[in-house]
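Reading the structure
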Amino acid sequence: MDLDHALGAQLVAEAPSLQRARSRYKAKIASVSPPAMRTQFETEDACFLGVSLENAHFTRPKLEAMLEWVAKRFRRCTLLVGDSIHRITLESTRGYGPQTALREALALGDRFITHNDDLVGAFRNRILFRYETCSAVQRSADYARYHAELRTQFASDEAFRLSVQSFAQRYHRRTWDVVDEETRARRLERSCDYFLEEFAVFACLRRRGLGVMVYPGAFSTLEEIARGRHPDTCPELRGLTIVSLQIKRR
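Residues numbered from 1 in each chain as written. Predicted model: local features only at pLDDT ≥ 70, side-chain atom pairs only at ≥ 80, totals over all residues. Heavy atoms only, no water.

**Regarding unusual backbone geometry**
- The amide bond that connects S33 to the next residue, P34, takes the cis arrangement and shows omega of 0°.
- Locating P34 in the fold gives a position in the loop between strand 1 (25-33) and strand 2 (46-51).
- Backbone geometry at E54 places phi at a positive 55°, although glycine is not the residue there.
- Looking at the element boundaries, E54 is found in the loop between strand 2 and helix 3 (60-71).
- Under the relative-accessibility criterion, E54 is labelled buried at 5%. (Helix = DSSP H or I, 4+ residues; strand = E, 2+ residues; numbered from the N terminus. Buried < 20%, exposed > 50% of the residue type's maximum accessible area, 1.4 Å probe, protein only.)

This is the structure we're talking about:
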């Protein structure tokens, strides 16, 4: 879930009818990893859609476009709300302390669900949507195991570590040249922490049988894993199909 887009973006609180009158969007496939799954992933019964909080891709009109895209292809979809992991964004970009950041991140997750539940409900005669939160997944034993494995791999596997670091740095590119070296190092470290936590959550969902992840953006390290470039990564992540969506105005 995209740290760069989290900077400064706010949840939209307008009425659904007003939003639809102002702008309409359509979701389309930008890429599928591994490429061999491009024509096969739609045979799956279920997927999960990653939701990044305070992210410009998740205003109601754009979320509606993604829900429409998903509803045309799957019978079930889990909406994975990135609440607890968003605390890292709040710590890095707003200077919140750990406890304050976690409280605010969980509250933002709750507000996202409440604010959009009517929109999600409008699709329930076509597809079974359910919510899952990162905070709930992170309380599981499976999560602890996957996270420990990924941290070990990050420490010992140079190719994997460089990929995650490169992926993390991309999300600070707008401010990279205007902050000092110490700030860069701290933000890079916390961004890597964010992605390792997030990847462990994804592995848990794959273990539960959700083999297709849908997201409006790129996940370069996950795409590399799906394409076989990091063979020591857990089989759950290696078996995940990543569908990257592009959201365009109609």
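**A closer look at the nonpolar core**
- By size, the foremost hydrophobic cluster in this structure holds 77 residues, and its most contacted members are W69, F199, F202 and L237.
- In this view, F199 contacts L150, V164, F167, F219, T221, L222 and L237; residues no more than four positions away in its chain are not counted. (Core = buried A, V, L, I, M, F, W, Y, C linked by side-chain atoms within 4.5 Å. Contact = heavy atoms within 4.5 Å.)

**Focus: helix 8 (residues 158-170)**
- The end-to-end C-alpha distance of helix 8, which contains 13 residues, comes to 18 Å, matching closely the 18 Å that a straight helix rising 1.5 Å per residue would cover.
- Listing the buried residues of helix 8 in full gives F160, S163, V164, F167 and A168. Buried residues of helix 8, viewed axially, fall in a sector of 130°; they line one side.
- Looking at the buried residues of helix 8, the elements they touch are helix 7 (141-156), helix 9 (181-207) and helix 10 (220-226). (Expected span 1.5 Å × (residues − 1). Arc of directions from axis to C-beta.)

**What to know about the pattern of salt bridges**
- Enumeration according to the criterion identifies 19 salt bridges in this entry.
- Among the salt bridges present, the one from R94 reaches E54, with a minimum N-O distance of 2.9 Å. Pair noted here: R94 is in helix 4 (residues 86-94) and E54 is in the loop between strand 2 and helix 3, with a separation of 40 residues, a long-range link.
- Between R111 and E104 there is a salt bridge; the shortest N-O distance is 3.4 Å. (Salt bridge = Lys/Arg side-chain N within 4 Å of Asp/Glu carboxyl O.)

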